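# Fold and contact review
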Amino acid sequence: MKAIRRFTVRPVLPDPLQPLSDLARNLRWSWHPETRELFQAVDPEIRAAAECDPVRLLGAVSAGRLAELARDEQFLHRLTEASQDLRNYLDGPRWYQEQLEQGAELPAAVAYFSPEFGVTAALPQYSGGLGILAGDHLKAASDLGVPLIGVGLLYRHGYFRQSLSRDGWQQEHYPVLDPNELPVALVRETDGTPSRVVLALPGGRSLHAHIWLARVGRVPLLMLDSDVEENAPGEREVTDRLYGGGSEHRLLQEMLLGIGGVRAVRTYCRLTGHPEPEVFHTNEGHAGFLGLERIRELSGTGLDFDSAMESVRAGTVFTTHTPVPAGIDRFDRELVARHFGDDGELSGVGVERILQLGTETYPGGETGLFNMAVMGLRLAQRANGVSTLHGSVSRKMFAGLWPGFDPDEVPITSVTNGVHAPTWVAPEVFRLRNRYGGTPGRWESAAGVPDRELWELRRSLRAQLVTEVRERLHASWRARGAEPAELGWIDGVLDPDVLTIGFARRVPSYKRLTLMLRDRDRLRELLLHPDRPVQIVVAGKAHPADDGGKRLVQELVRFSDDPRVRHRIVFLPDYGMAMAQKLYPGCDVWLNNPLRPLEACGTSGMKAALNGCLNLSVLDGWWDEWFEPDFGWAIPTADGLALDEDRRDDLEAAALYELIEDRVVPRFYDLGGEEGLPGRWIEMVRRTLGTLGPKVLADRMVREYVERLYVPAARARRALDPGTARRLADWKARVRAAWPRVAVDHVEAVAPTAADGSAELGSALLLRVRVALGVLDPDDVEVQAVAGRVDAADGISDAQVFPLKPAGGQDLEGRWLYEGPLALDRTGPYGYTVRVLPAHPLLATGAELGLVALPAEAAVDGAGVLMR
């Protein structure tokens, strides 16, 4: 029988237990072991059923048990300590406050927008790495005291839950999430009514949304929810599913996230007194419309569109996470146009100006589409990728937005992702670290841990994973229709003494879930070796609309169903945070084999490393940056060769098998060390914990964002008062209009060169350059020599920039003379060129306007130098 209405009955806590409510409603419990242990003691019998969610647990515990706890002096003492610890955490000074006390100029607040947040399994508002990264960003910001405000959407069905059919096909399920049963609370006005944001839609319709607040330690996370009575049925479903629906559905989600999100931040700050953000951080292009809303806000103060845009750009940071154009949201221009302007949102902001921001104006771009990442880059003065390699890939991918500049000069930097150690490190690892004097998140003392203790720790974690796998595999087979009598074999699945490899992630084709199956006979030999077997745990979700990804899942599942190998390889459905927190610590090796360079970062291997798991990965993402033989193994790739996809997969799979057979397996089973232990393996574990671990931490990542991006953005924003913003916008318009007449007319080089045209190391080349500036002044530009090694096609690499200085006024033809020395400090083929760039104190880089003037060949007189 189905209920006709659903509501939540909240527990009434006895007065002595009231602090439990505050502890449950702040998600710090998800990474604070003492608080989790306190809730586990509330009612051990129902703890498992509540999936370690304190809000659900308190809703299920009996009144009798609550009364018993209210009289339990030992429990009340633990409760008082936990409550006081939370207050100290929330109110005490942390790294950010210490920097302020030392005189650092830091933003008053930062707003961080993301379409998904993976904070805890109890708040399932994430699909994969982007959301988990966003959750770790909030938690690390909280630990550091960074005044961040998170902004996202509250999806009533979250992402899908995954199960398998009998024949291994992925099945999707969308459970209803009642916000009243989640660790969130409605943001309310002073009169108690729910706060809301409203967006205008075409045809006079409106999109209303409530604002839910999740407390992530010190960080408020605001989530917008369109499932409210004022909306028509179509509008109520805007926040139904993460990454669901067609183009218009996704567009409305992203309008609500960006435009509605800014309005939600304003509401929250008005009600709570929280400082208004000086910096807005867009985590991927989904929230890019936030820049348009901020332009609208400033337009209401009298600024025109261009001036307002300069102010908005100065305080905006844009992070791209995708290494391929197909991963970017793009909408039909007509669809976007229909939702803006006088009949939609942002009335008074010209629709054509909006459309121009998202137009793909570069070669090969589709001018009929509106590109969210392109808009994000144009509305942000600072942008970054999420690993050093991904930064390079991003500069090449978006180079068309800065014509005339080499990809290395495209203004996209990188901040390599990190992971939140308290969330992902097993309690057993923390306890061992603390015994030997390590500091939070670090293992300075790893060198002092005896081999025996490290090996026993790893075996204990592996044994826990074996238990977890068997339980999940049993539940999976029951969901697939198997009877209990058929499943006795599961009790023999995996072995706590066998080398365990983990592979878990989303299942787009480039991540190559089934690369391990390229030679199935060879894989079986690895799994079933009589003396040195390998066992593999695999998990992952394919997007509901990706039948190709689902076929990969089915292929893996069918192989793992084979009775010959099913005790050595398993596929676990419904990969999520709860599973991951057991999987990462329990594996000995973490496998990652994407098509290089299509992995932006790949943080799952970081989480594994923090638990002493060794990485076996293609040199992509973060592993390309920090790989050392002490930490694991690099899978050779064929990405530089002209091969078809099948041939490349065959070669890289063969390299993977060879690595496992010849290097990984022998090292794990080499018991020739002291006490009959695999000493070389244990040393790799120790190096991974002590040396690699500190690099992959989210607090390192967030500090980098603060120091390298947030602080410069806040400084730039403060410099742009309305008058300065107008002057900057006018200057840019003047420079753009005048630029067609800017030219390098003549380049002359004077150097002590030999008869063969070579020059000696350590000598200097004197450059004299005449440039035409049209109506511009020398203060509007910078003239530079760019020098470096040259290839056979005269392309410059490893370039250095040498500013040239004005040397007198205009000549009779109106040209300006610039000159300066060029130090010849490298040997080998060497060359240079000269260029003119716009220059202004408020530009972040010389490439910001995408304007450059280079010499025509006829203007060059002796402009090449060859060094020996």
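Residues numbered from 1 in each chain as written. Predicted model: local features only at pLDDT ≥ 70, side-chain atom pairs only at ≥ 80, totals over all residues. Heavy atoms only, no water.

A separate point is the overall build of the chain. Looking only at helices and strands, the chain has 28 helices and 29 strands in total. Counting only C-alpha atoms and orienting by the principal axes, one finds that the chain spans roughly 95 × 70 × 50 Å. Counting all 868 residues of the chain, 57% fall into the buried class. Expressed as a percentage of contacts within the chain between residues at least 6 apart in sequence, the contacts between residues at least 24 apart total 72%. Working note: accessible area of the chain is about 34900 Å², and carbon and sulfur atoms make up 49% of it. Of the side-chain charges in the chain, 99 are positive and 121 negative, and the distance between the mean point of each set is 3 Å. (Helix = DSSP H or I, 4+ residues; strand = E, 2+ residues; numbered from the N terminus. Buried < 20%, exposed > 50% of the residue type's maximum accessible area, 1.4 Å probe, protein only. Contact = heavy atoms within 4.5 Å. Areas by Shrake-Rupley, 256 points an atom, 1.4 Å probe, with all protein chains shown as cover. Lys, Arg positive; Asp, Glu negative; His and termini not counted. Charge placed at Lys NZ, Arg CZ, Asp CG, Glu CD.)

Below, the discussion takes up the environment of Ala-214. Counting through the fold element by element, Ala-214 comes out in strand E7 (residues 206-216). Judged by relative accessible area, which is 0%, Ala-214 ranks as buried. The sequence separation of Ala-214 and Trp-623 amounts to 409 residues, and the corresponding C-alpha distance is 33 Å. In this structure Ala-214 touches Leu-27, Leu-123, Pro-183, Val-184, Val-219, Pro-220, Leu-221 and Met-223, once residues within four positions along its chain are discounted.

Turning to the packing of aromatic side chains, a few remarks are in order. Enumeration over the complete set of coordinates arrives at 18 aromatic pairs. Taking the centre distance of 4.8 Å and the plane angle of 45 degrees together, the rings of Tyr-159 and Phe-160 count as tilted. Relative accessible area serves as the criterion here: at 12%, Tyr-159 is assigned to the buried category. On the basis of relative accessibility, which here comes to 1%, the residue Phe-160 falls in the buried class. (Phe/Tyr/Trp six-rings, centres within 6.5 Å; stacked < 30°, edge-to-face > 60°.)

Per the stated rule, a full pass over the model turns up 8 cavities of 30 Å³ or more. Lining the largest cavity we find 13 residues, and of these Leu-473, Trp-477, Ser-560, Asp-561 and Phe-571 sit closest to its centre. Listing elements by their share of the lining of the largest cavity, those giving two or more residues are helix H19 (451-479), helix H21 (547-561) and strand E17 (569-572). The residue makeup of the lining of the largest cavity, split by class, is 8 nonpolar, 2 polar and 3 charged. (1 Å grid on protein atoms, 1.4 Å probe; cavity = no way out; pocket = protein on both sides within 12 Å on 5 of 7 lines; lining within 4 Å. Points joined across faces, edges and corners; volume = space filled by probe spheres on them. Nonpolar A, V, L, I, M, F, W, Y, C, P; charged D, E, K, R; others polar.)

To continue, consider the layout of surface pockets. Of the pockets and cavities examined, the second largest pocket occupies roughly 1400 Å³. Around the second largest pocket, the lining is made up of 49 residues, and of these Ser-127, Arg-506, Pro-508, Tyr-510 and Lys-511 lie nearest the centre. Breaking the lining of the second largest pocket down by element, the ones donating at least two residues are helix H8 (129-144), helix H22 (577-586) and helix H23 (604-609). Top element by residues in the lining of the second largest pocket is H8. It accounts for 4 residues.

Before going further, it helps to examine the side chain of Arg-835. If you trace the backbone, Arg-835 turns up in strand E27 (residues 829-838). Judged by relative accessible area, Arg-835 falls into the buried class, the value being 6%. Engagement of the side chain of Arg-835 in a polar contact is seen with the side chain of Glu-409, the distance being 2.5 Å. Looking at Arg-835, its side chain comes within polar contact range of the side chain of Gln-784, at 2.9 Å. Leave out the neighbours within four places in its chain, and Arg-835 touches Phe-405, Glu-409, Glu-782, Val-783, Gln-784, Val-786, Val-801, Val-852, Ala-853 and Leu-854. (Polar contact = N/O pair within 3.5 Å; in protein donor to acceptor, adjacent residues only side chain to side chain.)

Across the chain, the average pLDDT comes to 92, with 95% of residues at 70 or higher. pLDDT under 50 marks residues 862-868. Its contacts with residues more than four places away, or in other chains, come to 31 contacts. (pLDDT = per-residue confidence, 0-100.)

Turning next to the sheet that holds strand E18 (residues 589-592). If you walk across this open sheet you meet the 6 strands as E17-E16-E15-E18-E19-E20, and the pairing is parallel. This sheet does not close on itself; its edge strands, each paired only once, are E17 and strand E20 (632-635). Across the sheet, the axes of successive neighbouring strands diverge by a mean angle of 20 degrees, strand direction being ignored. Pairing of strand E15 (residues 499-504) with E18 involves 2 bridges; the strand directions are parallel. The residue of E18 that forms the bridge with Gly-502 is Trp-590. Contacting strand E16 (534-539) and E17, H21 runs over the sheet at an angle of about 135 degrees to E17. (Pairing = 2+ DSSP bridges. Axes fitted to C-alpha atoms, helices over the stretch in contact; angles between N-to-C directions.)

Take the pattern of salt bridges next. One pass over the structure, following the stated rule, counts 63 salt bridges. In this structure, Asp-650 engages Arg-518 in a salt bridge whose closest nitrogen and oxygen atoms are separated by 2.8 Å. With Asp-650 in helix H25 (residues 645-669) and Arg-518 in the loop between E15 and helix H20 (520-528), this pair connects stretches of sequence that are 132 residues apart. In this structure, Asp-639 engages Arg-596 in a salt bridge whose closest nitrogen and oxygen atoms are separated by 3.2 Å. Taken together, the positions of Asp-639 in the loop between E20 and H25 and Arg-596 in the loop between E18 and H23 put the pair 43 residues apart, joining distant regions of the chain. Take Asp-639: its relative accessible area is 29%, and that puts it in the partly exposed class. The network of salt bridges with common partners includes Asp-451, Asp-630, Glu-683, Arg-686 and Arg-687. (Salt bridge = Lys/Arg side-chain N within 4 Å of Asp/Glu carboxyl O.)

Right, let's get into the pairing of strand E1 (residues 110-113). Side chains Val-110 and Tyr-112 of E1 all project onto a buried face; the interleaved residues Ala-111 and Phe-113 project onto the opposite face, where all are buried too. Across 4 bridges, the pairing between E1 and strand E2 (residues 148-153) is parallel. Directly across from Val-110, in E2, lies its bridge partner Leu-148. Crossover E1 to E2 through H8 is right-handed. One ladder, built from 4 bridges, connects E1 with strand E9 (residues 279-283); its direction is parallel. Bridged to Val-110 within E9 is Val-279. (Right-handed = clockwise from strand over helix to strand, strands pointing away.)

With that out of the way, let us pick up the packing of helix H12 (residues 305-314) against helix H28 (residues 722-738). With their axes 8 Å apart at the nearest point, H12 and H28 run at an angle of 105 degrees to one another. By the criterion of interaxial angle, the relationship of H12 to H28 is roughly perpendicular. Within the contact between the two elements, H12 uses Asp-306, Ser-307, Glu-310 and Arg-313 and H28 uses Ala-725, Arg-726, Leu-728, Ala-729 and Lys-732. (Parallel < 35°, antiparallel > 145°, perpendicular 65-115°, else oblique.)

Our next topic: unusual backbone geometry. Across the junction of Arg-596 and Pro-597, the peptide omega takes the value 5 degrees, indicating a cis bond. Structurally, Pro-597 can be placed in the loop between E18 and H23.

Bringing a nonpolar patch on the surface into the picture now. Taken together, the side chains of Leu-641, Leu-643 and Leu-651 define a hydrophobic patch exposed on the protein surface, amounting to about 240 Å² of accessible area. Structurally, Leu-643 is set in the loop between E20 and H25. Classification of Leu-643 by relative accessible area gives partly exposed; the value is 32%. (Patch = residues over 30% accessible without salt bridge, like charges linked within 9 Å, V, L, I, M, F, W, Y side chains within 5 Å.)

Compared with the 21 Å implied by 1.5 Å per residue over 15 residues, the 20 Å span of H21 between its first and last C-alpha is a close match. Every buried residue belonging to H21 is among Gly-549, Lys-550, Leu-552, Val-553, Gln-554, Leu-556, Val-557, Phe-559, Ser-560 and Asp-561, and all of these are buried. As for H21, its buried residues are in contact with strand E3 (161-164), strand E4 (170-173), H19, H20, E16 and E17. At the N-terminal end of H21, a side-chain oxygen is found 3.2 Å from the backbone nitrogen of Gly-548, two or three residues along, and the residue is Asp-546. (Expected span 1.5 Å × (residues − 1).)

Inspection of the secondary structure puts His-420 in the loop between strand E14 (413-414) and helix H17 (421-424). Only 2.7 Å separates the side chain of His-420 from the side chain of Asp-143, close enough to count as a polar contact. Among all residues touching His-420, those that are not within four sequence positions of it are Trp-31, Asp-136, Lys-139, Ala-140, Asp-143 and Ala-698.

This part covers the state of the cysteines. In a disulfide, the sulfur atoms of two cysteines are held together by a covalent bond. For the structure shown, the criterion picks out 0 disulfides. No disulfide involves Cys-601; its nearest neighbouring cysteine sulfur is the one of Cys-613, lying 16 Å away. Note on Cys-601: relative accessible area 3%, which makes it buried. Free of any disulfide, Cys-613 has its nearest cysteine sulfur in Cys-587, 5.7 Å distant. (Disulfide = S-S within 2.5 Å.)

Okay, the nonpolar core next. Of all hydrophobic cores here, the largest spans 103 residues; its most connected members are Leu-499, Met-516, Ile-536, Leu-616, Trp-633 and Trp-681. Core analysis: the second largest hydrophobic core is formed by 58 residues, Leu-222, Val-238, Leu-256 and Ala-264 among them. (Core = buried A, V, L, I, M, F, W, Y, C linked by side-chain atoms within 4.5 Å.)

Attention now moves to the pairing of E9. Successive side chains on a regular strand alternate, one facing one side of the sheet and the next facing the other. Within E9, 5 of the 5 residues are buried, leaving the element largely enclosed by the surrounding structure. Taking every second residue as pointing to the same face, both faces of E9 are buried, with Val-279, His-281 and Asn-283 on one and Phe-280 and Thr-282 on the other. As judged from the 4 bridges shared by E9 and strand E10 (residues 316-319), these two strands associate in the parallel manner. Residue His-281 lies in a different strand from E10, and its bridge partner there is Val-317.

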